[in-house]
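Summary of the model geometry
Next come the chains, spelled out residue by residue.
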Amino acid sequence: MKGNILNFTAESAVHAFRFAKIGTAEGKVKEATAGSVVFGATTDIDSEAGHPCDVQMDGIARVECGGSVSAGDKVAPDANGKAVKATGNSCAVAIESGVSGDIIRVKLVESAVNTSVEYTAEEAVDA
């Protein structure tokens, strides 16, 4: 199930299947980093700086793992925008398990709207 996909311009190189954040200029996007506000996940195409970059804003997205993730884990971006088990605020819930380098499905949650939102795995899948 794909959600809404919007097109932006990559502020710097953006890899496929990474969490994304708003860039420093309007209409620009960058890979999310640890602790940043995530507003979606990049789709299946790498983007060079200055080129179009599609970002899935909601629904079930695919994201590359930056470490071991289990189905049901709350996840957040690591330093490279990859999914890791969240230790604080999360932006998605893993639907599948994976290890570093695997592409897994996640349910995006609205961390950009309210970073204090807490979802159980069941609520995130039902949302």
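Residues numbered from 1 in each chain as written. Predicted model: local features only at pLDDT ≥ 70, side-chain atom pairs only at ≥ 80, totals over all residues. Heavy atoms only, no water.

**Brief notes about the nonpolar core**
Note the cut-off: Only buried residues count toward a nonpolar core. Its members are Ala, Val, Leu, Ile, Met, Phe, Trp, Tyr and Cys residues joined through side-chain atoms within 4.5 Å. The classification of residues rests on relative accessible area computed with a 1.4 Å probe and restricted to protein chains. Under 20% of the type maximum is buried, over 50% is exposed, and intermediate values are partly exposed. The helix and strand labels rest on DSSP assignments: H or I over at least four residues marks a helix, E over at least two residues marks a strand, and numbering proceeds from the N terminus. In this description, contact between two residues means that some pair of their heavy atoms is separated by no more than 4.5 Å.
One finds Phe 19, Val 75, Ala 92, Val 106 and Leu 108 to be the most contacted residues of the largest nonpolar core, which totals 16 residues. The set of elements that each furnish at least two residues to this core consists of strand 6 (60–64), strand 9 (92–94) and strand 10 (103–108). Discounting residues that sit within four places of it in the chain, Ala 92 has contacts with Phe 19, Asp 73, Lys 74, Val 75, Val 106, Lys 107, Leu 108 and Val 109. Listed in part, the eight residues of the second largest apolar core include Phe 8, Ala 10, Ala 20 and Val 55.

**Describing the pairing of strand 5 (residues 52–56)**
Quick note on the threshold: Here, a strand pair is defined by DSSP locating no fewer than two bridges between the strands.
Judged from the five bridges that link them, strand 1 (residues 5–10) and strand 5 form a sheet pairing that is antiparallel. Bridge assignment links Asn 7 to a residue of strand 5, and that residue is Asp 54. Sheet topology places strand 4 (residues 40–42) next to strand 5; two bridges connect them, and they run antiparallel. Bridge assignment links Ala 41 to a residue of strand 5, and that residue is Gln 56.

**Side note on the sheet that holds strand 7 (residues 74–77)**
Strands in a sheet are paired, the pairing made by backbone hydrogen bonds, and the direction either parallel or antiparallel. Just so we agree on the cut-off: To get an axis, a line is fitted to the C-alpha atoms, and for a helix only the part in contact is used. The angle between two axes follows their N-to-C directions and goes from 0 to 180 degrees.
An order of 6-10-9-7-8 is seen for the five strands of this open sheet, with the pairing classed as antiparallel. Because the sheet does not close on itself, it has two edges, and the strands there are strand 6 and strand 8 (83–85). Strand-to-strand twist of the sheet, defined as the mean angle between neighbouring strand axes without regard to direction, takes the value 50°. Across three bridges, strand 9 lies against strand 10 in antiparallel orientation. Paired with Val 93 across the bridge in strand 10 is Lys 107.

Taken by themselves, the reported measurements are silent on function.
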